[in-house]
Amino acid sequence: MTQQKIAIVTGANNGIGFETAIGMAEAGYHTVLACRNEAKGEAAMVEMQLRVPDGQFTLLLLDLSDFASVRDFAAAFRSQFEHLDVLINNAGVLDYSGRKAGNGYELQLMTNHLGHMLLTSLLLDLMPDTPESRIVSLSSVAHKGAKIYFDDIHCENQEGVAAYGQSKLACLLFGDELNRRLQAAGKKILSLSVHPGGSDSGLFDDMSRLQYYTMKVLAPFIIHDNASAAKPALHAALSANVKGGDFYGPQGFQELRGKVGPAKRDASAQDPSVAARFWDVSEGLIGEPFKLN
Ligand SMILES: NC(=O)c1ccc[n+]([C@@H]2O[C@H](COP(=O)([O-])OP(=O)(O)OC[C@H]3O[C@@H](n4cnc5c(N)ncnc54)[C@H](OP(=O)(O)O)[C@@H]3O)[C@@H](O)[C@H]2O)c1
């Protein structure tokens, strides 16, 4: 009997993660919805079950802005499941106001990158060593022009947009560096990165009202819907024709919409020495080495 495949999608209750979870369930994966809000997660699960009547879904609580919650999630997952096939590090927050997580770290670095890095480290040993095992990191076109502020990692002295860009560059550097380290360790598991283009999700709810309504008016003309925006992650998770380290996104205007294909990397995401340095910084911020085995 073939073993049931298991996937985790973080931030599965809304937007792109919601459609990604549907896609994984349609592909036959028992899909774990890793959400921070129980009521929202349950409501999403009810809707998913209607969309995929044969789908198997489990809700487990995860707040990526809190390392203790990440550890609790990993323990809860391990108590219910013996293996993990696909981890889609989708959840994300966009905040231009300089908000901090409970531990004082910049909120987007913590949620979008560090929480996911710890989560991956805590679950990697459950992944079978085959190319069908995938870790998918969600970056953004916002990685373009961004940089890692090694001397100001919590962006105390940067404009609001800089911290989001840093966090999404961080996701891409993490995906790449993880793949290099998996390969160096002789593992067949693949780490890939994607960006969704643009979609009218909940991501922009906290923008200034001017930015928010401008976005709402322009959305139908320049970006695509959440189901289309989920396709790069589903491609990275499910296609047989991918390699570790690949980066996928939409191919249309400004890479904001369209069919899935290879995404363009900014120069900031092409230097392995920056990725390796940032990996070490991230381990320091998490407070423990990443567990490759
Ligand atoms: N939409 C776009 O145009 C766009 C463009 C580029 C990249 N992206 C990336 O795509 C990914 C999905 O975003 P989206 O557009 O679908 O936005 P969304 O609709 O706002 O969904 C984000 C999801 O992440 C969850 N989340 C936020 N903070 C969390 C935390 N601390 N712990 C656990 N979950 C948390 C949210 O939960 P709550 O519902 O509880 O807030 C929600 O489920 C993000 O990584 C984003 O950066 C999106």
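The numbers attached to residues start from 1 for each chain and follow its sequence in the written order. Local features in a predicted model are, by the rule used here, given only for residues with pLDDT of at least 70; side-chain atom pairs are given and counted only at 80 or more, and totals for whole chains, interfaces and linings are based on all residues.

**Description of the overall build of the chain**
Consideration 1: A helix here means a DSSP run of H or I that spans at least four residues, while a strand means a run of E at least two residues long, and both kinds are numbered starting from the N terminus. Of regular secondary structure, the chain possesses nine helices and eight strands.
Consideration 2: Only C-alpha atoms enter the radius of gyration, while the globule expectation follows 2.2 Å times N to the 0.38, with N the number of residues. At 18 Å, the chain has a C-alpha radius of gyration in line with the 19 Å of a compact globule built from 293 residues.
Consideration 3: To sort residues by burial, count the other C-beta atoms lying within 10 Å of each one's C-beta; a count of 20 or more means buried, 12 or fewer means exposed, and anything in between means partly exposed. C-beta atoms are built from the backbone. For the chain, the residues scored as buried account for 48% of the 293 residues in total.
Consideration 4: Two residues qualify as a contact pair if the distance between their C-beta atoms, derived from the backbone, is within 7 Å. Sequence separation of at least 24 residues holds for 72% of the intrachain contacts in the chain that already meet a minimum separation of 6.

**Things to note about the sheet that holds strand E3 (residues 57-61)**
Consideration 1: Strand pairing follows a simple DSSP-based rule, namely that at least 2 bridges must link the two strands. Ordered in space as E3-E2-E1-E4-E5-E6-E7-E8, the eight strands form an open sheet in which the pairing is mixed. At either margin of the open sheet sits one strand with a lone partner, and together these are E3 and strand E8 (260-262). Across the sheet, the axes of successive neighbouring strands diverge by a mean angle of 25°, strand direction being ignored.
Consideration 2: Most of the contacts of helix H3 (residues 67-80) go to E3, to which it runs at about 145°, and overall it touches strand E2 (30-35) and E3. Angles shown run from 0 to 180 degrees and are taken between the N-to-C directions of axes, each axis being a line fitted to C-alpha atoms and, for helices, limited to the stretch in contact.

**As for the nonpolar core**
Consideration 1: In this structure, Ala7, Val9, Ala21, Leu33, Ala34, Ile88 and Ala233 are the most contacted members of the largest nonpolar core, which totals 77 residues.
Consideration 2: Considering each element in turn, this core owes the most residues, 10 residues, to helix H5 (residues 160-184).
Consideration 3: When near neighbours in sequence (up to four residues on either side) are disregarded, leucine 33 contacts Val9, Ala12, Asn13, Ala21, Gly41, Ala44, Met45, Phe57 and Leu59. A set of buried Ala, Val, Leu, Ile, Met, Phe, Trp, Tyr and Cys residues, joined through C-beta atoms within 7 Å, is what we mean by a nonpolar core.

**Regarding the packing of helix H4 (residues 107-123) against helix H9 (residues 272-286)**
Consideration 1: Running from amino to carboxyl end, H4 crosses H9 at an angle of 80°, the nearest separation of the two axes being 10 Å. Taken together, the axes of H4 and H9 lie roughly perpendicular to each other. Along its contact with H4, which presents His113, Leu114, Met117 and Leu118, the element H9 presents Ser282, Leu285 and Ile286.
Consideration 2: Its residues assigned to classes, the contact of H4 with H9 shows five nonpolar, two polar and no charged. Roughly parallel means an angle under 35 degrees; roughly antiparallel means over 145; roughly perpendicular covers 65 to 115; every other angle is labelled oblique. Gly is placed with the polar residues, together with every amino acid not listed as nonpolar (Ala, Val, Leu, Ile, Met, Phe, Trp, Tyr, Cys and Pro) or charged (Asp, Glu, Lys and Arg).

**Re the environment of leucine 118**
Consideration 1: Positionally, leucine 118 belongs in helix H4.
Consideration 2: With 47 residues separating them along the chain, leucine 118 and arginine 71 place their C-alpha atoms 8.2 Å apart.
Consideration 3: For leucine 118, the contacting residues outside a window of four places in its chain are Phe67, Val70 and Ile286.

**Section: H9**
Consideration 1: With 15 residues, H9 should cover 21 Å at 1.5 Å per step; its first-to-last C-alpha distance of 21 Å lies within 8% of that length.
Consideration 2: Inspection of H9 places Ala275, Phe278 and Ser282 among the buried residues, and these make up the whole buried set. Within H9, the buried residues cover an arc of 65° as seen down the axis, which keeps them to one side. Across from the buried face of H9, at angles greater than 90 degrees, the exposed residues are Ser273, Asp280 and Gly284.
Consideration 3: The positive-phi residue at the C-terminal boundary of H9 is glycine 287, with phi of around 95°. By definition here, a helix of n residues has an expected span of 1.5 Å times n minus one. Note that the arc is defined by the directions from the helix axis to the C-beta atoms.

**Some points on unusual backbone geometry**
Consideration 1: Despite not being glycine, cysteine 155 shows a phi value in the positive range, around 55°.
Consideration 2: With respect to the secondary-structure elements, cysteine 155 resides in the loop between strand E5 (134-138) and H5.
Consideration 3: Classification of cysteine 155 as buried rests on a count of 21 C-beta atoms within 10 Å.
Consideration 4: Here the phi dihedral of glutamine 254 falls at roughly 55°; this positive angle occurs in a residue that is not glycine.
Consideration 5: Looking at the secondary structure, you find glutamine 254 in the loop between strand E7 (247-250) and E8.

**Quick notes on the environment of glutamate 156**
Consideration 1: Following the sequence through the fold, glutamate 156 ends up in the loop between E5 and H5.
Consideration 2: Here glutamate 156 falls in the exposed class, since 11 other C-beta atoms lie within 10 Å of it.
Consideration 3: Separated by 149 residues in sequence, glutamate 156 and alanine 7 place their C-alpha atoms 36 Å apart.

**Some words on the site of the ligand**
Consideration 1: Using the backbone to place each C-beta atom, any residue with that atom within 6 Å of a molecule or strand is considered near it. Inspection of the region around the ligand gives 30 residues, with Gly11, Gly15, Gly92, Ser201 and Gly202 positioned closest.
Consideration 2: Within the residue set of the shell around the ligand, elements represented by two or more residues are helix H1 (15-26) and H4.
Consideration 3: Counting residues per element, the shell around the ligand draws most heavily on H1, which supplies three residues.
Consideration 4: Taken together, the residues that form the shell around the ligand break down as nine nonpolar, 18 polar and three charged.

**Let's talk about the confidence of the model for the chain**
For residues with low pLDDT, the predicted coordinates do not support detailed interpretation.
Consideration 1: You can read pLDDT as the predictor saying how much it trusts each residue, on a scale of 0 to 100. Taken residue by residue, the chain gives an average pLDDT of 95. The fraction at 70 or more is 100%.
Consideration 2: Of all secondary-structure elements in the chain, the lowest mean pLDDT belongs to helix H6 (residues 209-222), at 80, while strand E4 (residues 86-89) reaches the highest, 99.

**Section: the environment of isoleucine 135**
Consideration 1: Mapped onto the secondary structure, isoleucine 135 falls in strand E5.
Consideration 2: In this structure the C-alpha to C-alpha distance between isoleucine 135 and glycine 244, which are 109 residues apart in sequence, comes to 9.3 Å.
Consideration 3: If sequence neighbours within four positions are ignored, isoleucine 135 has contacts with Leu87, Asn89, Thr120, Leu178 and Ser191.

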